[in-house]
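# A structural walkthrough
Spelled out from the first residue to the last, the chains are:
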Amino acid sequence: MSSTTKDLRYLDAKNKFIGYAFLALGDHFSSRDDFLNYFDAIKTDDRKNLFLRTASLYLFLVKRGDWAVDIPDSDRVIDYLTNTYKYLAIFSLIESLSEKKFIDFYEFLMRRKSQVQFPIAEKHYLEKLYRKYKDEFGAIKRCISFFKALSPERQRDLISRLEVRGTKATIESLAKYLYELRSKFVHDTELVLHMSEGTSVSLRGNELVVCRLSINDIMIFFEEGLIKCFQETER
(Lines give C-alpha, C1' and ligand atoms only; values in the text may rest on other atoms or scores of the structure.)
Protein backbone atom coordinates (compact mmCIF):
# COMPACT_ATOMS: atom_id res chain seq x y z
CA MET A 1 0.00 0.00 0.00
CA SER A 2 1.45 3.35 -1.01
CA SER A 3 1.72 6.22 1.45
CA THR A 4 -1.00 8.09 -0.46
CA THR A 5 -3.53 5.21 -0.46
CA LYS A 6 -6.07 5.24 2.33
CA ASP A 7 -6.39 2.10 4.42
CA LEU A 8 -10.08 1.24 3.99
CA ARG A 9 -9.76 -2.52 4.43
CA TYR A 10 -12.94 -2.83 6.51
CA LEU A 11 -15.04 -0.83 4.08
CA ASP A 12 -13.50 -2.71 1.14
CA ALA A 13 -14.82 -5.91 2.74
CA LYS A 14 -18.11 -4.27 3.70
CA ASN A 15 -20.31 -7.31 3.10
CA LYS A 16 -18.42 -9.26 5.76
CA PHE A 17 -17.83 -6.52 8.30
CA ILE A 18 -21.33 -5.04 8.13
CA GLY A 19 -22.54 -8.43 9.32
CA TYR A 20 -20.12 -8.35 12.25
CA ALA A 21 -21.16 -4.79 13.10
CA PHE A 22 -24.82 -5.79 13.12
CA LEU A 23 -24.10 -8.71 15.44
CA ALA A 24 -22.36 -6.25 17.76
CA LEU A 25 -24.95 -3.46 17.74
CA GLY A 26 -28.14 -4.84 16.18
CA ASP A 27 -29.97 -4.98 19.52
CA HIS A 28 -30.19 -1.17 19.43
CA PHE A 29 -32.02 -1.06 16.08
CA SER A 30 -35.55 -2.07 15.18
CA SER A 31 -34.39 -4.08 12.16
CA ARG A 32 -31.39 -4.80 9.96
CA ASP A 33 -32.72 -2.29 7.42
CA ASP A 34 -32.82 0.35 10.16
CA PHE A 35 -29.20 -0.47 10.98
CA LEU A 36 -28.17 -0.27 7.30
CA ASN A 37 -29.87 3.12 6.99
CA TYR A 38 -27.88 4.31 10.01
CA PHE A 39 -24.65 3.06 8.42
CA ASP A 40 -25.43 4.62 5.03
CA ALA A 41 -25.97 8.00 6.74
CA ILE A 42 -22.32 8.09 7.84
CA LYS A 43 -21.02 10.54 5.28
CA THR A 44 -17.37 9.72 4.61
CA ASP A 45 -15.57 6.52 3.69
CA ASP A 46 -13.03 7.11 6.47
CA ARG A 47 -15.78 7.27 9.09
CA LYS A 48 -17.59 4.26 7.64
CA ASN A 49 -14.34 2.31 7.75
CA LEU A 50 -13.69 3.36 11.36
CA PHE A 51 -17.21 2.38 12.39
CA LEU A 52 -16.88 -1.08 10.84
CA ARG A 53 -13.45 -1.56 12.41
CA THR A 54 -14.56 -0.51 15.88
CA ALA A 55 -17.82 -2.47 15.91
CA SER A 56 -16.15 -5.62 14.55
CA LEU A 57 -13.28 -5.50 17.02
CA TYR A 58 -15.79 -4.95 19.82
CA LEU A 59 -17.68 -8.06 18.68
CA PHE A 60 -14.57 -10.26 18.71
CA LEU A 61 -12.78 -8.80 21.72
CA VAL A 62 -15.73 -8.16 24.02
CA LYS A 63 -19.29 -9.12 23.08
CA ARG A 64 -18.52 -12.59 21.73
CA GLY A 65 -15.03 -12.90 23.20
CA ASP A 66 -13.79 -14.39 26.47
CA TRP A 67 -10.35 -14.70 28.00
CA ALA A 68 -9.93 -18.47 28.23
CA VAL A 69 -7.25 -20.35 30.18
CA ASP A 70 -5.97 -23.89 29.78
CA ILE A 71 -4.83 -24.81 33.27
CA PRO A 72 -5.48 -28.09 35.14
CA ASP A 73 -8.15 -27.84 37.89
CA SER A 74 -9.24 -24.39 36.70
CA ASP A 75 -12.39 -23.13 35.03
CA ARG A 76 -11.75 -22.33 31.38
CA VAL A 77 -13.32 -18.88 31.77
CA ILE A 78 -12.81 -17.02 35.06
CA ASP A 79 -15.12 -14.04 35.43
CA TYR A 80 -12.71 -11.49 36.88
CA LEU A 81 -10.04 -12.36 34.30
CA THR A 82 -12.34 -12.18 31.29
CA ASN A 83 -14.03 -9.06 32.68
CA THR A 84 -10.64 -7.36 33.00
CA TYR A 85 -9.79 -8.33 29.43
CA LYS A 86 -13.11 -6.98 28.14
CA TYR A 87 -12.86 -3.81 30.21
CA LEU A 88 -9.41 -2.97 28.81
CA ALA A 89 -10.60 -3.66 25.27
CA ILE A 90 -13.56 -1.30 25.66
CA PHE A 91 -11.38 1.57 26.84
CA SER A 92 -8.84 0.91 24.10
CA LEU A 93 -11.65 1.14 21.55
CA ILE A 94 -12.85 4.41 23.08
CA GLU A 95 -9.34 5.85 22.78
CA SER A 96 -9.06 4.63 19.18
CA LEU A 97 -12.09 6.73 18.17
CA SER A 98 -10.17 9.97 18.64
CA GLU A 99 -9.43 11.76 15.38
CA LYS A 100 -6.21 13.14 16.85
CA LYS A 101 -3.10 11.08 16.33
CA PHE A 102 -1.42 10.45 19.67
CA ILE A 103 1.96 12.07 20.30
CA ASP A 104 4.10 11.85 23.42
CA PHE A 105 5.03 14.84 25.57
CA TYR A 106 8.45 15.28 23.91
CA GLU A 107 6.86 15.44 20.45
CA PHE A 108 4.32 17.91 21.80
CA LEU A 109 7.10 20.16 23.11
CA MET A 110 9.10 19.98 19.89
CA ARG A 111 6.32 20.62 17.39
CA ARG A 112 6.16 24.17 16.04
CA LYS A 113 2.43 24.48 16.73
CA SER A 114 2.99 24.29 20.52
CA GLN A 115 5.09 27.48 20.43
CA VAL A 116 7.23 26.43 23.39
CA GLN A 117 9.77 28.98 24.61
CA PHE A 118 13.11 27.26 25.14
CA PRO A 119 14.93 26.81 27.41
CA ILE A 120 12.26 25.76 29.92
CA ALA A 121 13.75 27.16 33.09
CA GLU A 122 10.71 27.50 35.34
CA LYS A 123 8.83 24.57 36.88
CA HIS A 124 5.47 26.35 36.69
CA TYR A 125 5.94 26.87 32.93
CA LEU A 126 6.68 23.16 32.45
CA GLU A 127 3.59 22.27 34.48
CA LYS A 128 1.50 24.65 32.36
CA LEU A 129 2.77 22.96 29.19
CA TYR A 130 2.02 19.51 30.60
CA ARG A 131 -1.54 20.53 31.53
CA LYS A 132 -2.00 21.84 27.99
CA TYR A 133 -0.65 18.56 26.61
CA LYS A 134 -3.04 16.51 28.79
CA ASP A 135 -5.97 18.71 27.76
CA GLU A 136 -5.21 18.09 24.10
CA PHE A 137 -4.02 14.49 24.07
CA GLY A 138 -5.02 13.00 27.44
CA ALA A 139 -6.91 9.71 27.22
CA ILE A 140 -9.11 10.65 30.18
CA LYS A 141 -10.46 13.61 28.22
CA ARG A 142 -11.45 11.29 25.37
CA CYS A 143 -13.25 9.00 27.83
CA ILE A 144 -15.12 11.93 29.38
CA SER A 145 -16.17 13.16 25.93
CA PHE A 146 -17.37 9.67 24.98
CA PHE A 147 -19.61 9.26 28.03
CA LYS A 148 -20.82 12.88 27.93
CA ALA A 149 -22.19 12.20 24.46
CA LEU A 150 -24.77 9.89 26.03
CA SER A 151 -28.20 11.34 26.70
CA PRO A 152 -28.65 13.11 30.07
CA GLU A 153 -30.91 10.24 31.21
CA ARG A 154 -28.27 7.60 30.41
CA GLN A 155 -25.57 9.70 32.05
CA ARG A 156 -27.63 9.83 35.26
CA ASP A 157 -28.19 6.08 35.03
CA LEU A 158 -24.46 5.48 34.65
CA ILE A 159 -23.57 7.82 37.53
CA SER A 160 -26.10 6.15 39.83
CA ARG A 161 -24.35 2.80 39.49
CA LEU A 162 -21.04 3.92 40.99
CA GLU A 163 -20.61 5.82 44.25
CA VAL A 164 -17.24 7.02 45.50
CA ARG A 165 -17.81 8.49 48.95
CA GLY A 166 -16.38 11.97 49.26
CA THR A 167 -16.37 12.53 45.48
CA LYS A 168 -19.02 14.61 43.70
CA ALA A 169 -21.11 12.41 41.43
CA THR A 170 -20.53 13.74 37.90
CA ILE A 171 -19.94 12.09 34.55
CA GLU A 172 -16.40 13.58 34.64
CA SER A 173 -15.52 12.04 38.00
CA LEU A 174 -17.04 8.71 37.00
CA ALA A 175 -15.15 8.59 33.68
CA LYS A 176 -11.92 9.40 35.52
CA TYR A 177 -12.54 6.61 38.02
CA LEU A 178 -13.33 4.09 35.28
CA TYR A 179 -10.19 5.08 33.40
CA GLU A 180 -8.19 4.78 36.61
CA LEU A 181 -9.27 1.11 36.86
CA ARG A 182 -7.90 0.58 33.35
CA SER A 183 -4.61 2.29 34.21
CA LYS A 184 -4.14 0.29 37.41
CA PHE A 185 -4.07 -2.90 35.38
CA VAL A 186 -1.85 -1.49 32.64
CA HIS A 187 0.72 -0.13 35.10
CA ASP A 188 0.32 -2.33 38.21
CA THR A 189 -1.52 -5.44 36.94
CA GLU A 190 -4.45 -4.81 39.29
CA LEU A 191 -7.40 -6.85 38.04
CA VAL A 192 -10.81 -5.26 37.53
CA LEU A 193 -12.75 -6.95 40.32
CA HIS A 194 -15.82 -4.71 40.59
CA MET A 195 -17.61 -5.60 37.36
CA SER A 196 -19.50 -8.76 38.38
CA GLU A 197 -23.26 -8.89 38.83
CA GLY A 198 -24.60 -7.45 42.08
CA THR A 199 -23.09 -4.85 44.38
CA SER A 200 -19.45 -4.71 45.43
CA VAL A 201 -17.90 -2.56 48.14
CA SER A 202 -14.20 -1.66 48.23
CA LEU A 203 -11.76 1.03 49.28
CA ARG A 204 -9.83 3.45 47.08
CA GLY A 205 -7.33 4.84 49.54
CA ASN A 206 -9.57 6.10 52.34
CA GLU A 207 -12.63 6.42 50.07
CA LEU A 208 -15.43 3.85 50.12
CA VAL A 209 -16.51 2.69 46.64
CA VAL A 210 -19.94 1.15 46.11
CA CYS A 211 -20.22 -0.34 42.63
CA ARG A 212 -23.43 -1.59 41.04
CA LEU A 213 -21.92 -1.51 37.56
CA SER A 214 -21.37 -4.85 35.82
CA ILE A 215 -19.34 -5.56 32.70
CA ASN A 216 -22.65 -6.12 30.89
CA ASP A 217 -23.73 -2.61 31.91
CA ILE A 218 -20.45 -1.17 30.63
CA MET A 219 -21.00 -3.01 27.34
CA ILE A 220 -24.47 -1.52 26.90
CA PHE A 221 -23.24 2.00 27.69
CA PHE A 222 -20.36 1.51 25.25
CA GLU A 223 -22.67 0.30 22.48
CA GLU A 224 -24.96 3.29 22.94
CA GLY A 225 -21.98 5.63 23.04
CA LEU A 226 -20.50 4.11 19.89
CA ILE A 227 -23.76 4.55 17.98
CA LYS A 228 -24.10 8.10 19.29
CA CYS A 229 -20.50 8.92 18.37
CA PHE A 230 -21.07 8.34 14.67
CA GLN A 231 -24.65 9.55 14.66
CA GLU A 232 -23.62 12.81 16.38
CA THR A 233 -20.72 13.37 14.00
CA GLU A 234 -22.45 12.58 10.77
CA ARG A 235 -26.10 13.59 11.22
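Numbering of residues starts from 1 in every chain and runs along the sequence as written. Totals for whole chains, interfaces and linings use all residues, but because this is a predicted model, local features are given only for residues with pLDDT of at least 70 and pairs of side-chain atoms are given and counted only at 80 or more. Where side-chain values are given, they derive from all heavy atoms of the structure, hydrogens and water being excluded.

In the sections that follow, a salt bridge refers to a side-chain nitrogen of Lys or Arg positioned within 4 Å of a carboxyl oxygen of Asp or Glu. Following the criterion strictly, the structure yields 15 salt bridges and no others. Of the charged contacts in the structure, one is a salt bridge between Arg154 and Glu224, with a shortest N-O distance of 2.7 Å. Here Arg154 is found in helix H9 (residues 152-160), whereas its partner Glu224 is found in helix H11 (residues 215-234), with 70 residues between them in sequence. Of the charged contacts in the structure, one is a salt bridge between Arg161 and Asp157, with a shortest N-O distance of 3.1 Å. For Arg161, a relative accessible area of 23% gives the class partly exposed. One salt-bridge network, in which partners are shared between bridges, spans Arg154, Asp157, Arg161, Asp217 and Glu224. Under the DSSP-based scheme used, a helix requires at least four consecutive residues in state H or I and a strand at least two consecutive residues in state E, with every element numbered from the N terminus. Each residue gets one of three labels from its accessible area relative to the maximum for its type: buried under 20%, exposed over 50%, partly exposed in between, using a 1.4 Å probe on protein chains only.

On to unusual backbone geometry. If you check the backbone angles, Asp73 has positive phi at about 60° while not being a glycine. Secondary-structure assignment places Asp73 in the loop between helix H4 (45-63) and helix H5 (79-96). On the accessibility criterion, Asp73 (87% relative accessible area) is exposed. Positive phi outside glycine occurs at Thr189, with the angle close to 55°. Counting through the fold element by element, Thr189 comes out in the loop between helix H10 (171-188) and strand S2 (200-204).

Residue-level confidence of the predictor is what pLDDT reports, using numbers from 0 through 100. Averaged over all residues, the pLDDT of the protein is 85; the fraction at 70 or higher stands at 91%. The lowest-confidence element of the protein is helix H7 (residues 123-137), averaging 73 in pLDDT; the highest-confidence one is helix H2 (residues 14-25), averaging 98.

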